[in-house]
Amino acid sequence: MKEVVSIVKIGGNVIEDDHALDQFLNSFSKLKGPKVLIHGGGKLATKLSTRLGIPSNMVDGRRITDKETVDVITMVYAGLANKKIVAQLQSKGINALGMSGADGNSIQAHKRPVKEIDYGFVGDIDGINSKMIANLLGTGITPVFCAISHDGKGQLLNTNADTIAAEISIAMASYYEVILYYCFEKKGVLMHIEDENSVIEHINTTTYKELLDKGIIADGMLPKLHNCFHALEHNVAKVCLGDVGMLQKNAELFTTITL
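Residues numbered from 1 in each chain as written. Predicted model: local features only at pLDDT ≥ 70, side-chain atom pairs only at ≥ 80, totals over all residues. Heavy atoms only, no water.

- Per an unreviewed UniProt entry, the recorded name for the chain is Acetylglutamate kinase, and the organism is Maribacter sedimenticola.
- Quoted straight from UniProt, the Catalytic activity (unreviewed entry) entry for the chain says "N-acetyl-L-glutamate + ATP = N-acetyl-L-glutamyl 5-phosphate + ADP". (UniProt positions renumbered as here; feature names shortened; annotations may be inferred.)

So this is what it looks like as structure tokens:
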């Protein structure tokens with residue numbers, strides 16, 4: 001029987017809030033067995049861009065990444081946000097290693113082709129260096145990935161952190177039984193958006209289609225759920241969505257997704 005690995009993606013809202021980040025990292029550090037952390041940092045990047053006088057250009061909630069913006073997100077994602085998390089994990093007894101997709105050739109990608117919108121230096125993932133990540137986990141190291149990949153030609157690329165989490169989970173499924181956690185500001189997938197506690201505790205392929213038909217899952221949840229089912233269809237054991245409390249030992253109120 002395969003050992004369980006926990007792969008956790010954390011959103012930028014938590015990174016910005018020192019108290020919430022500390023709470024999250026306490027819970028993350030107590031997860032048994034090997035684990036991987038993936039983080040974004042979009043709000044911090046927007047703040048630094050503003051301070052530097054670089055306009056942030058967003059289309060449908062997605063960042064247009066020009067050359068100046070690549071520099072900013074690298075400073076924030078791979079620098080400030082990543083090292084802050086790594087240092088705090090070290091203080092909690094977790095031997096963490098901060099990484100971008102260029103480090104160890106861990107996340108290979110290509111620049112997204114221009115269709116209706118030119119997203120600039122945004123990367124779509126081609127491959128994960130699964131052996132290298134598995135080797136790190138095997139030596140007791142906890143990799144902490146920021147949302148940056150590379151194209152193998154020297155160019156760093158801004159890549160969606162939810163997608164990175166799904167693709168790393170899929171890659172690790174050859175070595176481990178993988179549980180993927182998406183931590184965000186809600187307690188889970190909500191039946192009624194105005195009711196924070198109306199969490200749908202279990203979703204499978206059938207109920208997912210019903211929720212889509214009723215318009216209960218819509219807007220920003222659509223790409224997140226797409227990543228969840230993409231991971232499940234490629235041998236990830238289960239996916240959980242919820243707030244930082246989801247990682248606590250006796251947590252009950254969150255969404256579990258299976259096929």
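## Regarding the UniProt feature "site: Transition state stabilizer" (unreviewed entry) in the chain
Phase 1: The feature "site: Transition state stabilizer" (unreviewed entry), as given by UniProt, occupies Lys 9 and Lys 224 in the numbering adopted here. Despite a sequence span of 216 residues, these residues sit close together in the fold, their greatest C-alpha distance being 11.3 Å.
Phase 2: One can find Lys 9 in strand β1 (residues 4-10).
Phase 3: With sequence-adjacent residues up to four places away left out, Lys 9 is seen in contact with Ile 38, Ala 161, Asp 162, Ala 165, Tyr 181, Tyr 182, Cys 183 and Lys 224.
Phase 4: A polar contact is formed between the side chain of Lys 9 and the side chain of Asp 162, at a distance of 3.1 Å.
Phase 5: Tracing the backbone through its elements, the reader meets Lys 224 in helix α8 (residues 221-232).
Phase 6: Exposure remark for Lys 224: the relative accessible area of 9% places this residue in the buried category. (Helix = DSSP H or I, 4+ residues; strand = E, 2+ residues; numbered from the N terminus. Contact = heavy atoms within 4.5 Å. Polar contact = N/O pair within 3.5 Å; in protein donor to acceptor, adjacent residues only side chain to side chain. Buried < 20%, exposed > 50% of the residue type's maximum accessible area, 1.4 Å probe, protein only.)

## A short note on the side chain of Asn 158
Phase 1: Tracing the backbone shows Asn 158 in strand β10 (residues 156-158).
Phase 2: Judged by its relative accessible area of 10%, Asn 158 is buried.

## Brief notes about the packing of aromatic side chains
Phase 1: For the coordinates displayed, the defined rule picks out two aromatic pairs.
Phase 2: If you follow Lys 224 out to its NZ or CZ, it ends over the ring of Phe 184, 5.3 Å from the centre. (Phe/Tyr/Trp six-rings, centres within 6.5 Å; stacked < 30°, edge-to-face > 60°. Lys NZ or Arg CZ within 6 Å of the ring centre and 35° of its normal.)

## A few points about the pairing of β1
Phase 1: Along β1, six of the seven residues are buried, which leaves the element largely enclosed by surrounding structure.
Phase 2: Sheet analysis places β1 next to strand β11 (residues 177-183), joined by seven bridges and oriented parallel. Across the sheet, residue Val 5 finds its bridge partner in β11, namely Val 178.
Phase 3: Where β1 meets strand β2 (residues 35-39), five bridges bridge the pair, whose relative direction is parallel. Bridging from a neighbouring strand, Ile 10 pairs with His 39 of β2. (Pairing = 2+ DSSP bridges.)

## Points about the environment of Thr 69
Phase 1: With respect to the helices and strands, Thr 69 occurs in helix α4 (residues 67-91).
Phase 2: Taking relative accessible area as the criterion, Thr 69 reaches 5% and is therefore assigned buried.
Phase 3: For the pair formed by Thr 69 and Lys 47, sequence separation is 22 residues and the distance between their alpha carbons is 12 Å.
Phase 4: Residues in contact with Thr 69, not counting those within four places in the same chain, are Ile 54, Arg 63 and Ile 64.

## Structural notes on the pattern of salt bridges
Phase 1: The tally for this structure, following the rule as stated, stands at seven salt bridges.
Phase 2: Of the charged contacts in the structure, one is a salt bridge between Asp 162 and Lys 9, with a shortest N-O distance of 3.1 Å. Here Lys 9 lies in strand β1 and Asp 162 lies in helix α6 (residues 161-172), a separation of 153 residues in the sequence. Just as Asp 162 is buried, Lys 9 falls in that class too.
Phase 3: Asp 124 serves as the salt-bridge partner of Arg 112, at 2.9 Å between the closest nitrogen and oxygen. (Salt bridge = Lys/Arg side-chain N within 4 Å of Asp/Glu carboxyl O.)

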